[in-house]
Amino acid sequence: MATEAIGEIWNSTVREEMVQVQKTRRDFEGDFTIVVFPLLRITKQSPEQTAEVLGRKLEEMSGLIAGTNVIKGFLNISVSHQYWKDLLAGDLRDPLYGRSPVTEDAPQVMIEFSSPNTNKPLHLGHIRNNLLGHSVSKIVEAAGNRVHKVNLVNDRGIHICKSMLAWKEQGNGETPESAGLKGDHLVGRYYVQFDTTYKAQVKELVGQGMSKEEAEAEAPLLKSAREMLRSWEADDPVVRRLWEMMNGWVYAGFDETYKRLGISFHKTYYESDTYKLGRTIVLEGLEKGVLYTREDGSVWADLEAEGLDHKLLLRSDGTSVYMTQDVGTAHQRYEEYRFDSHIYVVGNEQNYHFQVLSIVLKKLGFPWAERLYHLSYGMVELPEGKMKSREGTVVDADDLMDEMEATARQMSEELGKLEEYGEEEKQRIYRQVGMGALKYFILKVDPKKNMTFDPRESVDFNGNTGPFIQYTYARIRSVLRKGADIDKSVASGDLEEKEASLIRMMYEYPETVREAAGTYNPSLIANFLYELTKEFNQFYHDHSILSADKPEQVSMRLLLAEVIGQVIESGMDLLGIEVPKRM
RNA sequence: GGUCCUGUAGCUCAGUUGGACAGAGCAACAGCCUUCUAAGCUGUGGGUCCCAGGUUCGAAUCCUGGCAGGAUCACCA
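Residues numbered from 1 in each chain as written. Chains lettered and ligands numbered in written order. Predicted model: local features only at pLDDT ≥ 70, side-chain atom pairs only at ≥ 80, totals over all residues. Heavy atoms only, no water.

Observations regarding the environment of Gly 571
Turning to step 1, where the next piece is worked out: Tracing the backbone shows Gly 571 in helix H22 (residues 551–575).
Turning to step 2, where the next piece is worked out: With 225 residues separating them along the chain, Gly 571 and Val 346 place their C-alpha atoms 24 Å apart.
Turning to step 3, where the next piece is worked out: Setting aside its immediate chain neighbours within four residues, Gly 571 contacts Tyr 509, Ile 525 and Leu 529. (Helix = DSSP H or I, 4+ residues; strand = E, 2+ residues; numbered from the N terminus. Contact = heavy atoms within 4.5 Å.)

Observations concerning the protein's contact with RNA strand B
Turning to step 1, where the next piece is worked out: Neighbouring RNA strand B are 68 residues, the closest being Asn 154, Asp 296, Asp 309, Lys 386 and Tyr 471.
Turning to step 2, where the next piece is worked out: Protein-adjacent atoms of RNA strand B, using a 4 Å cutoff, are sugar or phosphate at a proportion of 63%.
Turning to step 3, where the next piece is worked out: A distance of 2.9 Å separates a base nitrogen of RNA strand B from a polar atom in the side chain of Thr 33.
Turning to step 4, where the next piece is worked out: A distance of 3.0 Å separates a base oxygen of RNA strand B from a polar atom in the backbone of Leu 546.
Turning to step 5, where the next piece is worked out: For the surface near RNA strand B, the secondary structure elements donating two or more residues are strand E1 (20–23), strand E2 (32–35), strand E4 (74–79), helix H15 (351–363), helix H16 (397–415), strand E14 (451–452), helix H18 (466–482) and helix H21 (523–542).
Turning to step 6, where the next piece is worked out: Broken down by element, the residue count for the surface near RNA strand B peaks at 8 residues, all from H21. (Near = heavy atom within 4 Å. Polar contact = N/O pair within 3.5 Å; in protein donor to acceptor, adjacent residues only side chain to side chain.)

Re the sheet that holds strand E11 (residues 341–347)
Turning to step 1, where the next piece is worked out: Reading across from one edge, E7-E6-E5-E11-E12 is the order of the 5 strands in this open sheet, with parallel pairing throughout. The open sheet terminates on both sides in strands that have one partner only, identified here as strand E7 (267–270) and strand E12 (372–377). The sheet shows a mean angle of 25° between the axes of neighbouring strands, direction not considered.
Turning to step 2, where the next piece is worked out: Across 5 bridges, strand E5 (residues 108–112) lies against strand E6 (residues 146–153) in parallel orientation. Looking at E6, one finds that Val 109 is bridged to Val 147.
Turning to step 3, where the next piece is worked out: Set on the sheet, helix H14 (residues 322–337) makes contact with E5, E6, E7 and E11; between it and E7 the angle comes to about 145°. (Pairing = 2+ DSSP bridges. Axes fitted to C-alpha atoms, helices over the stretch in contact; angles between N-to-C directions.)

Overview of the side chain of Ser 555
Turning to step 1, where the next piece is worked out: Topologically, Ser 555 is positioned in helix H22.
Turning to step 2, where the next piece is worked out: Residue classification places Ser 555 among the buried residues on the basis of a relative accessible area of 0%. (Buried < 20%, exposed > 50% of the residue type's maximum accessible area, 1.4 Å probe, protein only.)

Overview of the packing of helix H8 (residues 183–207) against helix H10 (residues 220–233)
Turning to step 1, where the next piece is worked out: Between H8 and H10, the shortest axis-to-axis distance is 8 Å and the interhelical angle comes to 130°. By the angle between their directions, the pair H8 and H10 is classed as oblique. In this structure, H8 contributes Phe 194, Thr 197, Tyr 198, Gln 201 and Leu 205 to the contact, and H10 contributes Pro 220, Leu 221, Leu 222 and Ala 225.
Turning to step 2, where the next piece is worked out: The residue makeup of the contact of H8 with H10, split by class, is 7 nonpolar, 2 polar and no charged. (Parallel < 35°, antiparallel > 145°, perpendicular 65-115°, else oblique. Nonpolar A, V, L, I, M, F, W, Y, C, P; charged D, E, K, R; others polar.)

Focus: unusual backbone geometry
Turning to step 1, where the next piece is worked out: Despite not being glycine, Lys 72 shows a phi value in the positive range, around 50°.
Turning to step 2, where the next piece is worked out: The residue Lys 72 is located in the loop between strand E3 (65–71) and E4 in this model.
Turning to step 3, where the next piece is worked out: One non-glycine residue, Asp 235, adopts positive backbone phi at about 65°.
Turning to step 4, where the next piece is worked out: The topology assignment puts Asp 235 in the loop between H10 and helix H11 (237–261).
Turning to step 5, where the next piece is worked out: For Asp 235, a relative accessible area of 48% puts it in the partly exposed group.

Description of empty space enclosed by the protein
Turning to step 1, where the next piece is worked out: Applying the stated rule across the entire model yields 1 cavity of 30 Å³ or more.
Turning to step 2, where the next piece is worked out: Within this model, the largest cavity holds a volume of roughly 40 Å³.
Turning to step 3, where the next piece is worked out: Ranked by the residues each element gives to the lining of the largest cavity, the list is headed by H22, at 4 residues.
Turning to step 4, where the next piece is worked out: When the residues that make up the lining of the largest cavity are grouped by side-chain class, the tally is 6 nonpolar, 2 polar and 1 charged. (1 Å grid on protein atoms, 1.4 Å probe; cavity = no way out; pocket = protein on both sides within 12 Å on 5 of 7 lines; lining within 4 Å. Points joined across faces, edges and corners; volume = space filled by probe spheres on them.)

Thoughts on the pairing of E12
Turning to step 1, where the next piece is worked out: Within E12, 5 of the 6 residues are buried, which leaves the element mostly enclosed by the surrounding structure.
Turning to step 2, where the next piece is worked out: Both E11 and E12 contribute to a ladder of 6 bridges, which runs parallel. In the sheet register, Val 346 faces E12, and the bridge partner there is Ser 376.
Turning to step 3, where the next piece is worked out: The parallel pair E11 and E12, bridged by H15, forms a crossover whose chirality is right-handed. (Right-handed = clockwise from strand over helix to strand, strands pointing away.)

Re the pattern of salt bridges
Turning to step 1, where the next piece is worked out: Counting across every chain of the model gives 30 salt bridges.
Turning to step 2, where the next piece is worked out: Measuring nitrogen to oxygen at the nearest pair gives 3.5 Å for the salt bridge that ties Arg 260 to Glu 405. Placement of Arg 260 in helix H11 and of Glu 405 in helix H16 is noted, with a sequence separation of 145 residues between them.
Turning to step 3, where the next piece is worked out: Classification of Arg 260 by relative accessible area gives partly exposed; the value is 24%.
Turning to step 4, where the next piece is worked out: Overall, Glu 405 belongs to the buried group, its relative accessible area being 17%.
Turning to step 5, where the next piece is worked out: Where Arg 431 meets Glu 578, a salt bridge forms, and the shortest distance between an N and an O atom there is 3.3 Å. Within this pair, whereas Arg 431 is found in helix H17 (residues 423–443), its partner Glu 578 is found in the segment after H22, the two being separated by 147 residues in sequence.
Turning to step 6, where the next piece is worked out: Glu 578 gets classed as partly exposed once you look at its relative accessible area, which sits at 40%.
Turning to step 7, where the next piece is worked out: Salt bridges linked by common partners bring Arg 93, Lys 488 and Glu 562 together as one network. (Salt bridge = Lys/Arg side-chain N within 4 Å of Asp/Glu carboxyl O.)

So, to be careful, I would describe these as geometric facts and stop short of saying anything about function.
Structure (structure tokens):
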């Protein structure tokens, strides 16, 4: 509309992007602002004049505009309160507001996340991965795509053999039941056990005069692990049985952790099934001349034209490497799903890998290579530095969740809330609040950034946190319970500025969801929710809802509260966070 | 050394396609619970947006060059 107005006044055509419409900043009056600086070349007038003239024209043209004001080169437009009221009584009441329907022929998005190793329990880094993957799946789905969540379990290899070996030699038949431990923790313990014994052996060999490198390669324990891997690959039934048993323990443990985190997958792939994939494709590429062979028989891709190095694709013994497998699984998944895009949620330490993967697939002639997207996230660091499993400085996922819930309980008891509720309901609320704090803390940060996590202080329950948003939601539920018999359909009181501002904020929700889906960035939604919640809290503080002056005003404010509750619920759902009805 | 990412208040982080005096929370200090939940609200203090150039009416944002931190460059996954 603004473009038309400009056309009429100054008799020239302007392109859409020359007219910048944005949200008016808080300290100025108005809802939307047009920045007129780009238009000056057309208008040949001062910024103030241009804005004045344009403002008057727009007021004439549209009944929705209640007024305009000009400050420097900024034309602030106030939208009529009637417009906001209509929005409140209309679109905003839809529980699916902000979400696009997923149709039969909607684009298909495949998203791979979690991807754990079966030799140790999940830690804080995995939590970030899992939460991101889960939330992005929800967001992408809310934007109208068909989403397939998949997990690729790294269940084979020398590292798995290490814990198997340690258990075999020193485990005395211990099981999760006999040890009273989650299976993944038990297996993780043997992985550490291996490392300890291995280091002792290396030290001893060095003491006997061996060089460190030599000792590391010659330590009998490592040799046994290699031997075990060979037996595994040769399908040795004894080794396979041990492998299946111990992996079974780990899966049971992971399932528990996943359940607690609230995440799930449509399909799980296992590397033991896929590790040979990709070989055929690579050999075809070799025939086509896209790849080359070295003297020893190994197969390589030359990526120097792309500014990268040479990359190994098949070992000299003809076996696959990680890259080869990923080429294979991507191909397999494309054949299976014909995905329109494929997101890999993997830490930024693998940026190079995914850069290469995409190039190699393109070289091999797959047009869908461009549809792969690496959602790369930063590391989670502790105040004292990086987490190192060998130094015991990892934050275990299960322990962390325990702590969060315990803190939620302690907090709640100190505040003396929930006293009249049953133990079961209390438990549920502690869980929701504790997990809400954890999830929100991680998701509110831009994925690509490294973040520091202080288990003692960082995860707070005040301020820009999950519990703050949950708390606001609980208050909304409370006021709705008390006003349950008030008719919300007669909502027609006058809108105060703060109320209009809340509606305007919600007006931006759908765009925020779209943007978050386009950039795979849940933090946009988290920060949006915080802004909205904070604004509502302020409103709630100095405006009474149930005892407003006029009945229609009570009705309107209740409706407003209800709608905000819905948006919070919807947004938190996209983050994978539950909202308690009371807390 | 090559490539990629990051650098904003004491700390943890926001900052929309370049726009108005750079924002929150935590921490510190001062207030507010007989009234819909005080996990809340109000106020005060706190900034060379890493540095230097450039583009622009306008730069935390874009470009170039530095500096600092992180990741990565395996016949590991």
